[in-house]
Amino acid sequence: MSTAIAYQSISSFVSHQSSTISQSSRQPLLLPTKGFKINLSLSYYTSRRKINFSKIEAIASQTSVPYNTLLSPSKNIIPDNSHKKSNEAALILIRHGESLWNAKNLFTGCVDVPLTEKGVEEAIEAGKRISNIPIDIIFTSSLIRAQMTAMLAMIQHRRKKVPIILHNESDQAKSWSQVFSEETKDQSVPVIPAWQLNERMYGELQGLNKQETAERYGKQQVHEWRRSYDIPPPKGESLEMCAERAVAYFEDNIEPKLAAGKNVMIAAHGNSLRSIIMYLDKLTCKEVISLELSTGIPLLYIFKDGKFMKRGSPVGPTEAGVYAYTKRLAQYRQKLDDNSEVLCS
Ligand SMILES: O=C(O)[C@@H](CO)OP(=O)(O)O
């Protein structure tokens, strides 16, 4: 998928949900792939990975995204171009903090609901946990609960760079949001919203209470709708269908950044992240059923030599284990410590 196509449906910061859903449902990628069944899923992912890694370089050199022109490499105390020679990068995944509909136990899907006060606190706490880990680019869904989470988390980061949302709007709107100071650009982190990272579309369950739905249709049925791999809820997306867009977006737009040494944070949703984790960890359709993600808990992966290494969830910014993962993370943190007065002022 080209960058242009990937971005074609990105709506504005507060997106109009109805348009997000109709755009999603128009995408051919959302249609279930014939023959992509339970017993084939692993080879599907394996083959996607093979294809993908062989084309990473090509994609990386072809991909031209707005932030490359908007935000130039840093010339700061911690040079962001230090990663250029490295074949290693950090990948942080965060499910958004608690939303108002999580709190009410309602099926949310693609409905654009903001965070609760608890969700805001969870996002801040998540930010503290990853505050010593480098972040060069942020990808979020187009939904405000993920974007709020990314922003609140970034405010805690010790590097104190400013996250800037890059809207995919008209050329005029783009030109109106240009930044004219190189120094300011250097102190910014691009934030790319992508509808492909949205929560799975929950169809006719959206807005219904989960408990009441289980009482009406039976626990087993509702569990299948919520956690099975290929059974969609009524008029909604199965995890398989969600993976078709989320994993494709990850492969086409995020992996090339990691391969180029950029440290990436993704703020998204329970199911779009489950599908991406299924891909990263090569989980089978059975294994993914029991994969549950808590709100506001960051997960760290190291991308090295074309492989993803799961590093769990940093429990705190000073957790020694996190910085033992790789020499580069330890060095980054050391630089933050050395420059803390300058960076944190
Ligand atoms: O309602 C939803 O959109 C999701 C995430 O909150 O629910 P589930 O736990 O069923 O994946």
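Here the structure is shown first, and the text comes after it.
The structure presented is a predicted model; accordingly, all values stated were derived computationally and were not measured. (Residues numbered from 1 in each chain as written. Predicted model: local features only at pLDDT ≥ 70, side-chain atom pairs only at ≥ 80, totals over all residues. Heavy atoms only, no water.)

Trainee: Would you mind going over the sheet that holds strand β1 (residues 88-95) with me for this structure?
Mentor: Think of a sheet as strands paired side by side through backbone hydrogen bonds, with each pair either parallel or antiparallel. Taken together, 7 strands build an open sheet; the order of strands is β3-β4-β2-β5-β1-β6-β7 and the sheet is mixed. Two strands bound the open sheet, and with one partner strand each, they are β3 (162-165) and β7 (307-310). Each strand of the sheet is rotated relative to its neighbour by a mean of 25 degrees, with strand direction disregarded. Of the pairings in the sheet, the one linking β1 to strand β6 (residues 298-304) comprises 7 bridges and is antiparallel in character. Counted as the bridge partner of Ala89 is Phe303 from β6. Along the sheet face, helix α13 (residues 270-280) touches β1, β5 (264-268), β6 and β7 and points at about 145 degrees away from the line of β1. (Pairing = 2+ DSSP bridges. Helix = DSSP H or I, 4+ residues; strand = E, 2+ residues; numbered from the N terminus. Axes fitted to C-alpha atoms, helices over the stretch in contact; angles between N-to-C directions. Contact = heavy atoms within 4.5 Å.)

Trainee: Would you explain the site of the ligand in this entry?
Mentor: Around the ligand sit Arg95, Asn102, Leu106, Phe107, Thr108, Gly109, Glu199, Tyr202, Lys210, Arg226, Arg227 and Asn271, and that is every residue in its neighbourhood. Within the side chain of Asn102, one N or O atom sits 3.2 Å away from an oxygen atom of the ligand. Within the backbone of Gly109, one N or O atom sits 2.7 Å away from an oxygen atom of the ligand. Computed on the free molecule, the ligand has an accessible area of 310 Å², of which 95% lies beneath the protein chains in the complex. Of the residues that constitute the shell around the ligand, the class distribution is 3 nonpolar, 4 polar and 5 charged. (Near = heavy atom within 4 Å. Polar contact = N/O pair within 3.5 Å; in protein donor to acceptor, adjacent residues only side chain to side chain. Areas by Shrake-Rupley, 256 points an atom, 1.4 Å probe, with all protein chains shown as cover. Nonpolar A, V, L, I, M, F, W, Y, C, P; charged D, E, K, R; others polar.)

Trainee: Any chance you could explain the packing of helix α12 (residues 239-259) against α13 here in plain terms?
Mentor: Relative orientation and spacing of two packed helices are given, respectively, by the angle between their axes and the distance between those axes. Closest axis-to-axis distance for the α12/α13 pair is 8 Å, and the angle between their directions is 65 degrees. Overall, the two elements α12 and α13 adopt an arrangement that is roughly perpendicular. Note that α12 runs across α13; the crossing there is right-handed. When α12 is examined against α13, the residues Leu239, Cys242, Ala243, Ala246, Val247, Phe250, Glu251 and Glu255 are found in contact with a partner set consisting of Asn271, Ser272, Arg274, Ser275, Ile276, Tyr279 and Leu280. Each residue belonging to the contact of α12 with α13 can be placed in one class, and the counts come to 9 nonpolar, 3 polar and 3 charged. (Parallel < 35°, antiparallel > 145°, perpendicular 65-115°, else oblique. Left-handed = near helix turned anticlockwise from the far one by under 90°.)

Trainee: Would you explain the packing of aromatic side chains in this entry?
Mentor: Any two aromatic rings considered together are summarised by their centre-to-centre distance and by the angle between their planes. Going through the model one piece at a time under the given rule, you end up with 6 aromatic pairs. Pairing Phe250 with Phe308 gives two aromatic rings, centres 5.8 Å apart and planes at 50 degrees, and the pair type is tilted. You can see Phe250 sitting in helix α12 and its partner Phe308 sitting in strand β7, a full 58 residues away along the chain. Overall, the relative accessible area of 11% leaves Phe308 in the buried class. On the basis of an interplanar angle of 50 degrees and a centroid distance of 4.7 Å, the ring pair of Phe303 and Phe308 is categorised as tilted. Of the two residues examined, Phe303 and Phe308, each falls in the buried class. In this structure an aromatic cluster arises from ring pairing among Phe250, Tyr279, Phe303 and Phe308. Of note, Arg200 hangs over the ring of Tyr202, and the distance from its end group to the ring centre comes to 4.6 Å. Its end group placed over the ring of Phe107, Lys210 keeps NZ or CZ at 5.4 Å from the ring centre. (Phe/Tyr/Trp six-rings, centres within 6.5 Å; stacked < 30°, edge-to-face > 60°. Buried < 20%, exposed > 50% of the residue type's maximum accessible area, 1.4 Å probe, protein only. Lys NZ or Arg CZ within 6 Å of the ring centre and 35° of its normal.)

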